[in-house]
Amino acid sequence: MTAIRETDFLSAMSRVVAEQQFLSATITSYGAVNNLVHRVAHGISVGVIGLCVLMIWEIDVTSALVTLATLLLALSFAIGSTVSSLVAGASFVLLTAPYGEDFEVNLT
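Residues numbered from 1 in each chain as written. Predicted model: local features only at pLDDT ≥ 70, side-chain atom pairs only at ≥ 80, totals over all residues. Heavy atoms only, no water.

Student: Where do I start with the overall build of the chain in this structure?
Tutor: From N to C terminus, the chain includes two helices and zero strands. Out of the 108 residues belonging to the chain, those deemed buried represent 2%. A total of about 9,500 Å² of accessible surface is found on the chain, and carbon and sulfur atoms cover 71% of it. (Helix = DSSP H or I, 4+ residues; strand = E, 2+ residues; numbered from the N terminus. Buried < 20%, exposed > 50% of the residue type's maximum accessible area, 1.4 Å probe, protein only. Areas by Shrake-Rupley, 256 points an atom, 1.4 Å probe, with all protein chains shown as cover.)

Put into structure tokens, the structure is as follows:
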């Protein structure tokens with residue numbers, strides 16, 4: 001039986017811990033994304049149900065929809081580049097993993 005050196009064992013264990021922390025962070029970030037998608041979908045469904053109720057009550061919703069569309073267009077121009085930068089940065093970190101084995105994130 002071959003003996004394992006202590007340094008090899010410690011190196012392997014630190015690699016396992018780093019991979020486990022990366023997996024845990026990835027799962028946590030996917031949970032946050034799923035939560036965000038769920039909230040957006042819920043908001044859209046509540047809005048559609050509200051519009052349907054107003055239409056059933058024979059209330060004209062055209063002016064409200066035009067105002068909403070104008071606000072959404074203005075917001076998309078206002079925050080478009082910011083969202084683009086955030087997505088690009090997050091995809092770079094998630095896809096390329098630019099950090100090494102000794103990388104440590106301190107969130108406190």
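Student: What exactly am I supposed to notice about the pattern of salt bridges here?
Tutor: Pairing of side chains with opposite charge becomes possible as their charged atoms draw close. Using the criterion set out here, one finds one salt bridge in the structure. Here R5 ties to D8 by a salt bridge, and the two come within 3.1 Å at their closest N and O atoms. (Salt bridge = Lys/Arg side-chain N within 4 Å of Asp/Glu carboxyl O.)

Student: What exactly am I supposed to notice about unusual backbone geometry here?
Tutor: Where the residue is not glycine, phi is negative for most of them; where a peptide bond is considered, it is trans in most cases. You will see that E58, though not glycine, has its phi angle at about 60°, which is positive. Relative accessible area serves as the criterion here: at 74%, E58 is assigned to the exposed category.

Student: Would you mind going over a nonpolar patch on the surface with me for this structure?
Tutor: Taken together, I4, F9, L10, M13 and V16 make up a surface patch of nonpolar side chains, about 510 Å² in accessible area. Its location among the elements puts I4 in the segment before α1 (6-56). (Patch = residues over 30% accessible without salt bridge, like charges linked within 9 Å, V, L, I, M, F, W, Y side chains within 5 Å.)

These figures capture arrangement, not role.
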